[in-house]
Every structure is written in C-alpha cells, then in structure tokens.
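Chain residues, written in single-letter form:
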Amino acid sequence: MPDHSPYARRLREIADALDAEPQPTDDVLTPHPDTLDVIRNRHTKRGQFNHAVPEVLQLQRRIRRYNADTGLPHGDIVALALDTWLRVKGYPPGPASTGLETP
C-alpha cells in the first residue's frame, strides 16, 4: 500500500493556510487586514511611486480631495487602492518582498 502521508501533510498545510485567510466581505473594496497593518505602521519603509496617468481621470485632484476629507495621507490612499485592486485581480504581495502572507 502506498504511503500517502506526504499528501495528507500537504493537505493539512493547505487547510491551515485557508483557515488563516480572512473571510471575504461583501465589499471587494475592503482593504486586506495585513495591508492595513502595514499602512498603520509609520516605520514601514516607503518608496517613491511615479506613473503617468490620464489627466482626464483627475486622480491627483481626487486624491487631494479625499485626503482633505479624511486626513489619510496621499501615499496611503494610493497604496490601499492599488493593493486592494491587485489582490482582487489575483496578485497578492509575495511574502519574501513584503513580509505579508499570501493565500
């Protein structure tokens, strides 16, 4: 009879990883808890993020307005928005580069 213990161990690891994942909410725009932890940590190393975007979308004006309404820093607004969108599309951060868990 073949030894299935490596498969059973791997299935337990997968089940544990799935249990550790936050439960999805009805709102896909809810930021991931790990991302919120990173944003809240003022000691997180930060890098510049510059990209040309269509002016007609008025992203800079909208970000400034959201910042004025909420007090959330511009970089945090961009980080939360992009991280949430990329996670929804199936591109979570890798654990080696950010220290964040992936599914």
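For clarity, every value in this text was computed on a predicted model and none was experimentally measured.

Draft legend 1. Region of the structure containing unusual backbone geometry. Backbone geometry places Gln58, a non-glycine residue, at a positive phi of 55°. Tracing the sequence through the fold places Gln58 in the loop between helix 2 (33-40) and helix 3 (59-70). The class of Gln58 is partly exposed, set by a relative accessible area of 37%.

Draft legend 2. Expanded view of a positive patch on the surface. Together, Arg61, Arg62, Arg64 and Arg65 give the surface a local cluster of positive charge. Structurally, Arg65 is set in helix 3.

Draft legend 3. Main features of helix 3. Taking 1.5 Å per residue as the helical rise, helix 3 with its 12 residues ought to reach 16 Å, and the 16 Å between its terminal C-alpha atoms agrees with that figure. Positive phi shows up at Gly71, right after helix 3, with a value of about 80°.

Draft legend 4. View of the packing of helix 2 against helix 4 (residues 74-88). At a minimum axis distance of 11 Å, the contact between helix 2 and helix 4 shows a crossing angle of 160°. As judged from the angle between their axes, helix 2 and helix 4 are roughly antiparallel. Where helix 2 crosses over helix 4, the two elements pack in a sense that is right-handed. In this structure, helix 2 uses Asp34, Thr35, Leu36 and Ile39 to contact helix 4, whose residues at the interface are Asp76, Ala79, Leu80, Asp83 and Arg87. Across the contact of helix 2 with helix 4, the residue classes break down as 4 nonpolar, 1 polar and 4 charged.

Draft legend 5. Spatial organisation of the pattern of salt bridges. Under the counting rule described, the total for this entry stands at 5 salt bridges. The salt bridge partner of Asp37 is Arg40, with a shortest N-O separation of 3.6 Å. A residue pair is termed a helical-turn pair when its members lie 3 or 4 positions apart in one helix, as Asp37 and Arg40 do in helix 2 at 3 residues. Since its relative accessible area comes to 59%, Arg40 is described here as exposed. A salt bridge links Arg87 to Asp83; the shortest N-O distance between them is 2.8 Å. Of this pair, Arg87 and Asp83 both sit in helix 4, 4 residues apart, roughly one helical turn. Of the residues examined, Asp83 reaches a relative accessible area of 15% and is grouped as buried. Linked through salt bridges whose partners overlap, the residues forming this network are Arg42, Arg46 and Asp76.

Analysis parameters
Residues numbered from 1 in each chain as written. Predicted model: local features only at pLDDT ≥ 70, side-chain atom pairs only at ≥ 80, totals over all residues. Heavy atoms only, no water. Helix = DSSP H or I, 4+ residues; strand = E, 2+ residues; numbered from the N terminus. Buried < 20%, exposed > 50% of the residue type's maximum accessible area, 1.4 Å probe, protein only. Patch = residues over 30% accessible without salt bridge, like charges linked within 9 Å, V, L, I, M, F, W, Y side chains within 5 Å. Areas by Shrake-Rupley, 256 points an atom, 1.4 Å probe, with all protein chains shown as cover. Salt bridge = Lys/Arg side-chain N within 4 Å of Asp/Glu carboxyl O. Lys, Arg positive; Asp, Glu negative; His and termini not counted. Charge placed at Lys NZ, Arg CZ, Asp CG, Glu CD. Expected span 1.5 Å × (residues − 1). Axes fitted to C-alpha atoms, helices over the stretch in contact; angles between N-to-C directions. Parallel < 35°, antiparallel > 145°, perpendicular 65-115°, else oblique. Left-handed = near helix turned anticlockwise from the far one by under 90°. Contact = heavy atoms within 4.5 Å. Nonpolar A, V, L, I, M, F, W, Y, C, P; charged D, E, K, R; others polar.

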